[in-house]
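Chains, contacts and geometry: an overview
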Amino acid sequence: MSHHGVGPRPGRSAVTRSVTFLAAGALAVPLLAGCGSDDEGSKPLAGQDVAAAARDAVAEGGTLKWAVDAVPETLNTFQADADAGTTRVAQAVLPSMFTVDATGRAVRDPDYLESAKVIETEPRQVVLYRLNQQAVWSDGREIGAADFAAQWRALSGKDSAYWTARNAGYDRIAKIERGANDLEVRVTFERPYTDWKSLFSPLYPKEVMGTPDAFNDGARRKLALSAGPFKVDKVDTAKKDVVLTRNPRWWGRPAKLDEIDLHAVDRDKRATALAAGTVDVADIDASDAQRITSAGRDQGSGGAPLQGAGKTSAKKLRSLALTLGMDGKHLPKGPKKLRKSISKWLDEQQELRDVQVRKSLEPAYTQLALNGSEGPLADERVRRAVARALDRQTLAKLVLTPLGLPAVPVGSHVALSGQAAYADGSGTLGGLDTHEAQALLADAGWVAGGPVKAADKAAGAQTGNGDKAGKAGKGDKGDESGDGGSDGQYIVGEDDKSPESPDGKDTRDHQKDHAHGAPGAYAPKGTAAPQGPQAAAAPLAKDGQALSLRFVLPSGPGSQTLQEVAERIRQMLTAVGIQSEITKVSDESYFKDHIASGQYDLALYSWPSSAFPATDARPIYAKPVPAADGSLNVEQNYTRVGTDQVDQLFDQALGTLDEDEADGLLRKADSRIWAAAGSLPLYQRPQIVGARKDLVNVGAFGFQTPVYQDMGFLKKGAKPSQSPAAK
């Protein structure tokens, strides 16, 4: 689980199909069109911020020290424990037939492919790859059909000896063979596959994919062969480094850097590492971005506030520290330690003047997940009431406006603005309308002032000390005490009676048009709503049970933003009478013990976007089905909310070779997902990077795959192209 609440899908490669992450149906069902204009998806909301520079402005040589979360457990992206570091290594050292461009679309990589296209559709789909004749592995062997075939056999799912994490797409292949010459590869499919461009990216050599032993163990800590601008020199777990060096066999534009060192650095130590020069670039959080920006503005002397030999009280030193922007939670006690801590901070601020913030929007979105498997949220009306109580625009502004990024709520579960499949389908469910939310709750039987069983009241009183966390506390083994949050659990929802939104504005949706909504998305006409604003804000009950939802959050470093968003959501739910119990748990426990196991009602986590949503989004929204052992196979649908219609639409999108038709089917599936109200996309995640000012072609990449051979340091006197962070 990352510190920012991203679900375990670091790339397209670490996805299990049979357990977690993935013929078209023929049911005649009414389909819902997305309720937004296609123009809304015409461009990304924010562009790249990488200090772009022409190659002739980049110096030859040098070592780039790049902070990562951890040394990868494996260098095989198709294994279950692959992570973002695994993907970064693969991008730099392995072939990918297709990469992703600035709009989130798949594009051919000319370093490996001269062309790739569907040449036959009947009786079966055939794709012909024409390889770049210069493309070779680092031992000099040409990349060819044998490598494609070995990867297909390893990932087809037909041989359980391969410990694969996914086989989506590869399981549709019937055969792979050499074409007219060694540079051609023919791939024949058993069933049509719209996302064929997702395959063989990355492509491993047959030496890794050829046998189960080589696949399972041969590429975990080393890659003997590569075919990118860099190669893996060593993985040093003691020093927490993965060292990449230039590949002498590389045929494309030569790498500017001599070396890239991926170094594991904790998130809360990255500003210090940037100041010390132990890393040159690092993903950072909003507080570190603010610190770096402040250092760049400050023209005064770093040591000035502590000059002089006179004594200063601990109280005044603490006040000074807070004024400087230091974290009050981690300040030492006593004037001597405080003075030392402040001096260190000021010295670091001086060094951070050589660092700048680069920012964009990450190809991922944060959602509010509603567990529909049991409890109040098993009722679709209650889930829809939660959705209608939320002001998603306010939540997006809370996160993105302070960073100077466009605060536009995400309108799709399957694509982000700029991608071909994107259209805002949120109108299917309806926007902010607290009166509609209250009517839905009343229709579901939840009324204000209803009797609550004494046992429930007593239980509610216990939640303040963390002794009773309901299902959200099972399996924690005391992990409610996180690194960065308060311990235990507290019950909320009775201290804010306002029927208005936290911003004080009228929360009725004056623009709604029920004729364009999904059937059942609104309470039946004539449903009685609670009378009066005070009654509407009162806690609700049904059959002696209070309406209270378990809201589970991570507590580690980097989770502050999620906690702020959760608090604002709590206020919005309180305005319609829904109480919420917030439990903060350790990062290690958050996903495994809560999200994946279904021990929550509400949760915040993120999903990466994909250039191949028909393949990659399907397992996230697939209808859970009973497994042979009696358990429920949810794939990656941790909300446990799904429908046959959504599954049918995804299957149809997977099976068409018409890209426009596939996009249309995905938009219809998205409308169905909105109507079910199991997942509520909130905002596109900010991508914030701290980087040395002279480091170019590195930073906040947005959708686009990084170009590692162009990264480097500016020549003396050269300047990068103007970027948002440099203005």
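These numbers were taken from a predicted model, which means no experiment stands behind them. (Residues numbered from 1 in each chain as written. Predicted model: local features only at pLDDT ≥ 70, side-chain atom pairs only at ≥ 80, totals over all residues. Heavy atoms only, no water.)

All right, on to the overall build of the protein then. Of regular secondary structure, the protein possesses 19 helices and 24 strands. By the burial criterion, 54% of the 727 residues in the protein qualify as buried. Counting every atom, the protein has about 29,900 Å² of accessible surface; 49% of that belongs to carbon and sulfur. (Helix = DSSP H or I, 4+ residues; strand = E, 2+ residues; numbered from the N terminus. Buried < 20%, exposed > 50% of the residue type's maximum accessible area, 1.4 Å probe, protein only. Areas by Shrake-Rupley, 256 points an atom, 1.4 Å probe, with all protein chains shown as cover.)

Taken N-terminus to C-terminus, the directions of helix H9 (residues 380-389) and helix H11 (residues 434-443) make an angle of 165 degrees; their axes are 8 Å apart at the nearest point. If you check the angle between H9 and H11, you find them roughly antiparallel. Handedness of the crossing formed by H9 with H11: left-handed. Touching Arg 381, Val 382, Arg 384, Ala 385, Arg 388 and Ala 389 of H9 are Thr 434, Glu 436, Ala 437, Leu 440, Leu 441 and Asp 443, all from H11. Residue composition of the contact of H9 with H11, grouped by class: 6 nonpolar, 1 polar and 5 charged. (Axes fitted to C-alpha atoms, helices over the stretch in contact; angles between N-to-C directions. Parallel < 35°, antiparallel > 145°, perpendicular 65-115°, else oblique. Left-handed = near helix turned anticlockwise from the far one by under 90°. Contact = heavy atoms within 4.5 Å. Nonpolar A, V, L, I, M, F, W, Y, C, P; charged D, E, K, R; others polar.)

In this model, the second largest cavity occupies a volume close to 80 Å³. Contributing to the lining of the second largest cavity are Tyr 621, Asn 637, Thr 639, Val 641, Gly 642, Thr 643, Val 646, Arg 672, Ile 673, Ala 676, Gly 678 and Ser 679. Element by element, the count of residues in the lining of the second largest cavity is highest for helix H19 (residues 659-676), at 3 residues. Taken together, the residues of the lining of the second largest cavity sort by class into 5 nonpolar, 6 polar and 1 charged. (1 Å grid on protein atoms, 1.4 Å probe; cavity = no way out; pocket = protein on both sides within 12 Å on 5 of 7 lines; lining within 4 Å. Points joined across faces, edges and corners; volume = space filled by probe spheres on them.)

As a further point, take the sheet that holds strand E15 (residues 540-542). Sheet architecture is open: 3 strands sit in the order E13-E15-E16, paired in antiparallel fashion. In this open sheet, the two strands that pair with only one neighbour each are strand E13 (447-448) and strand E16 (545-546). (Pairing = 2+ DSSP bridges.)

Most of strand E17 (residues 548-554) is tucked away, with 7 of its 7 residues classed as buried. Burial along E17 is two-sided: Ser 548, Arg 550, Val 552 and Pro 554 and Leu 549, Phe 551 and Leu 553, pointing in opposite directions, are all buried. Across 7 bridges, E17 lies against strand E18 (residues 579-585) in parallel orientation. In the strand pairing of E18, Leu 553 is matched with Lys 584. Between the parallel pair E17 and E18, the chain is carried across by helix H14 (residues 560-574), and the sense of this crossover is right-handed. (Right-handed = clockwise from strand over helix to strand, strands pointing away.)

Attention now goes to the packing of aromatic side chains. Tallied over the full model, the rule gives 19 aromatic pairs. Seen from their ring centres, Phe 148 and Phe 200 are 4.6 Å apart, and the 45 degrees between their planes marks the pair as tilted. Of this pair, Phe 148 sits in helix H2 (residues 145-155) while Phe 200 sits in the loop between strand E7 (184-189) and helix H3 (206-209); the two residues are 52 residues apart in sequence, bridging distant segments of the chain. Both residues of the pair, Phe 148 and Phe 200, belong to the buried class. Ring pairs connect the aromatic residues Phe 78, Phe 98, Tyr 129, Phe 148, Tyr 170, Trp 196, Phe 200 and Tyr 204, which therefore count as one cluster. (Phe/Tyr/Trp six-rings, centres within 6.5 Å; stacked < 30°, edge-to-face > 60°.)

Take the sheet that holds E7 next. Paired through their backbone hydrogen bonds, the strands of a sheet run either parallel or antiparallel. Taking strand neighbours across the sheet as the criterion, the 4 strands line up as E4-E5-E7-E6 in an open arrangement whose pairing is antiparallel. Edge strands, defined here as strands with exactly one partner in the open sheet, are strand E4 (113-120) and strand E6 (173-178). Across the sheet, the mean angle separating the axes of adjacent strands is 15 degrees when strand polarity is ignored. As judged from the 5 bridges shared by E6 and E7, these two strands associate in the antiparallel manner. The residue of E7 that forms the bridge with Arg 178 is Val 185. Across the sheet, H2 is in contact with strand E5 (126-131), E6 and E7; its angle to E6 comes to roughly 160 degrees.

A separate point is unusual backbone geometry. Residue Pro 123 is bonded to the preceding Glu 122 through a cis peptide linkage, with omega at 0 degrees. Relative to the assigned elements, Pro 123 resides in the loop between E4 and E5. Of note, the phi angle at Asp 543 is positive, near 55 degrees, even though the residue is not glycine. Inspection of the secondary structure assignment puts Asp 543 in the loop between E15 and E16. Unlike most non-glycine residues, Glu 635 shows phi in positive territory, near 50 degrees.

With respect to burial, helix H15 (residues 587-595) is a largely interior element, 7 of its 9 residues being buried. On its buried face, H15 is in contact with E17, E18 and strand E19 (602-608).

Right, let's talk about the pattern of salt bridges for a bit. Should their charged atoms come close, side chains of opposite charge can pair. One pass over the full model with this rule turns up 33 salt bridges. The partner of Asp 710 in a salt bridge is Arg 55, with the nearest N and O atoms 2.7 Å apart. In this pair, Asp 710 sits in the loop between strand E23 (695-696) and strand E24 (712-713) while Arg 55 sits in the segment before strand E1 (63-68), placing the two residues 655 residues apart along the sequence. Overlapping salt bridges bring together Glu 60, Arg 246, Lys 256 and Asp 258 as one network. (Salt bridge = Lys/Arg side-chain N within 4 Å of Asp/Glu carboxyl O.)

Further remarks concern the environment of Gln 684. Locating Gln 684 in the fold gives a position in strand E22 (residues 679-692). As for Gln 684 and Val 410, which are separated by 274 residues in sequence, their C-alpha atoms are 6.3 Å apart. With near-sequence residues (within four places) excluded, Gln 684 lies in contact with Leu 45, Leu 361, Glu 362, Pro 363, Ala 364, Tyr 365, Leu 400, Val 410, Leu 416 and Phe 703. Only 3.0 Å separates the side chain of Gln 684 from the backbone oxygen of Glu 362, close enough to count as a polar contact. (Polar contact = N/O pair within 3.5 Å; in protein donor to acceptor, adjacent residues only side chain to side chain.)

Below, the discussion takes up the nonpolar core. Membership of the largest hydrophobic core comes to 107 residues, with the highest contact counts inside it found for Trp 66, Met 97, Tyr 129, Phe 200 and Tyr 605. At 7 residues, H2 tops the list of elements feeding residues into this core. Residues Ala 282, Val 355, Leu 429 and Leu 573 belong to the second largest nonpolar core, which totals 60 residues. (Core = buried A, V, L, I, M, F, W, Y, C linked by side-chain atoms within 4.5 Å.)

Here we come to the packing of helix H6 (residues 286-297) against helix H8 (residues 335-351). In contact at an axis separation of 8 Å, H6 and H8 are set at 70 degrees when each is read in the N-to-C sense. The orientation of H6 relative to H8 falls into the category roughly perpendicular. Where H6 abuts H8, its residues Arg 291, Ser 294 and Ala 295 lie against Trp 345, Glu 348 and Gln 349. For the contact of H6 with H8, the per-class residue count stands at 2 nonpolar, 2 polar and 2 charged.

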